[in-house]
Amino acid sequence: MASRPILAATLQAALLAAMSNVLAQLITASRNKTELLVDWIPVFQFLLFSIVNTPPNFLWQDFLESTFPAHPPAPHPKKFDDKPLPQQPLSLRNTLAKFLLDQTLGAAANTLLFSVSLRALQDAMAPAPRITGFHRAWAYWSGPRAIDFARVDFAAVWDAARAEFWPLVGAGARFWPVVSIVNFTLVKTVEGRNLVGAVAGVAWGVYMSMVAAQ
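What counts, and where the lines are drawn
- Residues numbered from 1 in each chain as written.
- Predicted model: local features only at pLDDT ≥ 70, side-chain atom pairs only at ≥ 80, totals over all residues.
- Heavy atoms only, no water.
- UniProt positions renumbered as here; feature names shortened; annotations may be inferred.
- Helix = DSSP H or I, 4+ residues; strand = E, 2+ residues; numbered from the N terminus.
- Buried < 20%, exposed > 50% of the residue type's maximum accessible area, 1.4 Å probe, protein only.
- Contact = heavy atoms within 4.5 Å.
- Areas by Shrake-Rupley, 256 points an atom, 1.4 Å probe, with all protein chains shown as cover.
- Axes fitted to C-alpha atoms, helices over the stretch in contact; angles between N-to-C directions.
- Parallel < 35°, antiparallel > 145°, perpendicular 65-115°, else oblique.
- Left-handed = near helix turned anticlockwise from the far one by under 90°.
- Nonpolar A, V, L, I, M, F, W, Y, C, P; charged D, E, K, R; others polar.
- Expected span 1.5 Å × (residues − 1).
- Bend = angle between axes of the 7 residues up to and from the residue.
- Polar contact = N/O pair within 3.5 Å; in protein donor to acceptor, adjacent residues only side chain to side chain.
- Core = buried A, V, L, I, M, F, W, Y, C linked by side-chain atoms within 4.5 Å.
- Phe/Tyr/Trp six-rings, centres within 6.5 Å; stacked < 30°, edge-to-face > 60°.

- The name given to the protein in an unreviewed UniProt entry is Mpv17/PMP22 family protein, with the source organism recorded as Tolypocladium paradoxum.
- The UniProt entry for the protein carries the following text under Subcellular location (unreviewed entry): "Membrane".
- The UniProt entry for the protein carries this comment under Sequence similarities (unreviewed entry): "Belongs to the peroxisomal membrane protein PXMP2/4 family."

Shown next as structure tokens:
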């Protein structure tokens, strides 16, 4: 798998993740009737998480498609001179296998990765103040001690991840299966599936941003 599609997917997902966190903050401020200002520190945290999370998800989707192709080749293809072979029909067996693996192993791994990564990153930046100016936030973020994982109590992070695991899995089960069905039946490329997932992830990211802010 070439690195360029993974890089493109990572950049797309990172921008959409940052957008989802901004939207979550604006929705929360509107509900609480407070000033509509964006705290850029959690936006950067979500962006960094997406940069870490997207490549393994891209490779996971590539593994699923290569192992269970949507349109597997015919076992004994007939020759049609120089004409391309006709595409085989959608494999319901392979589609079901991909769906089940994605909604069990994939969902569990993504949920744990989200909880552990975000909680650890929040602890590593625990002294971070609320910064509503983008340039000030960037200066703080790029400082030498903005992130210090020596501050992280990983036992507490793991306990928090375990506590929120099933609630998050339950919430995801009401959202992601529809996205997976669309991806595995209508979208033909891994790049396209990652883009669909990233766009759907904006809505999911709003919810997860609110969870992470608690």
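There is more to say after this.
### Brief notes about the overall build of the protein
Next up, step 1: Within the protein, the regular secondary structure consists of seven helices and zero strands.
Next up, step 2: Along the protein, helices and strands appear, N-terminal first, in the series α-α-α-α-α-α-α.
Next up, step 3: Counting across all 214 residues of the protein, residues that qualify as buried make up 39%.
Next up, step 4: Excluding contacts between residues fewer than 6 apart, the proportion of contacts in the protein whose partners are at least 24 apart in sequence is 76%.
Next up, step 5: Summed over all atoms, the accessible surface of the protein reaches about 12,600 Å², with 67% contributed by carbon and sulfur.

### Focus on the packing of helix α6 (residues 176-186) against helix α7 (residues 190-213)
Next up, step 1: Between α6 and α7, the shortest axis-to-axis distance is 10 Å and the interhelical angle comes to 160°. Overall, the two elements α6 and α7 adopt an arrangement that is roughly antiparallel. In the crossing of α6 with α7, the sense of the turn from one axis to the other is right-handed. Mapping the contact onto sequence places W176, V179, N183 and F184 in α6 and G192, R193, V196, G197, A200, G201 and W204 in α7.
Next up, step 2: Its residues assigned to classes, the contact of α6 with α7 comprises six nonpolar, four polar and one charged.

### Description of helix α2 (residues 40-67)
Next up, step 1: Between its first and last C-alpha, α2 extends 40 Å over 28 residues, near the 40 Å set by a 1.5 Å rise per residue.
Next up, step 2: A bend of about 30° at N53 is the largest found in α2, and the proline P55 appears one to four places after it.
Next up, step 3: Its side-chain oxygen 3.3 Å from the backbone nitrogen of I41, D39 forms the N-cap of α2.

### Points about the nonpolar core
Next up, step 1: Counting residues in each nonpolar core, the largest one holds ten residues, listed as F46, F49, F114, L118, L168, A171, W204, M208, V211 and A212.
Next up, step 2: Apart from the residues lying within four places of it in its own chain, the contact partners of L118 are Q45, F46 and F49.
Next up, step 3: One finds F44, M125, A137 and W141 within the second-largest nonpolar core, a separate group that totals six residues.

### Side note on unusual backbone geometry
Next up, step 1: The residue K33 is not glycine, and still its phi comes out positive at about 55°.
Next up, step 2: With respect to the helices and strands, K33 occurs in the loop between α1 (3-32) and α2.

### Overview of the environment of E191
Next up, step 1: Relative to the assigned elements, E191 resides in helix α7.
Next up, step 2: Those residues in contact with E191, other than ones at most four positions away along the chain, are P5 and F58.

### Quick notes on the packing of aromatic side chains
Aromatic ring pairs: the centre-centre distance and the angle between the two ring planes describe each pair.
Next up, step 1: Scanning all chains against the criterion turns up twelve aromatic pairs.
Next up, step 2: Taken together, a centroid distance of 5.0 Å and an interplanar angle of 85° make the contact between F175 and W176 edge-to-face.
Next up, step 3: When its relative accessible area of 26% is taken as the criterion, F175 is described as partly exposed.
Next up, step 4: A relative accessible area of 23% means that W176 is categorised as partly exposed.
Next up, step 5: A network of ring pairs unites the aromatic residues W40, F44, F134, W138 and W141 as a single cluster.

### Notes on the packing of helix α5 (residues 154-173) against α7
Next up, step 1: Packing of α5 against α7 brings their axes to within 12 Å, and their N-to-C directions diverge by 160°. The pairing of α5 with α7 is recorded here as roughly antiparallel in orientation. Like other packed secondary-structure pairs, α5 and α7 cross with a definite hand, here right-handed. On the side of α5, the interface is formed by E164, L168, A171 and G172, while α7 contributes W204, Y207, M208 and V211.
Next up, step 2: Residue classes in the contact of α5 with α7 are distributed as six nonpolar, one polar and one charged.

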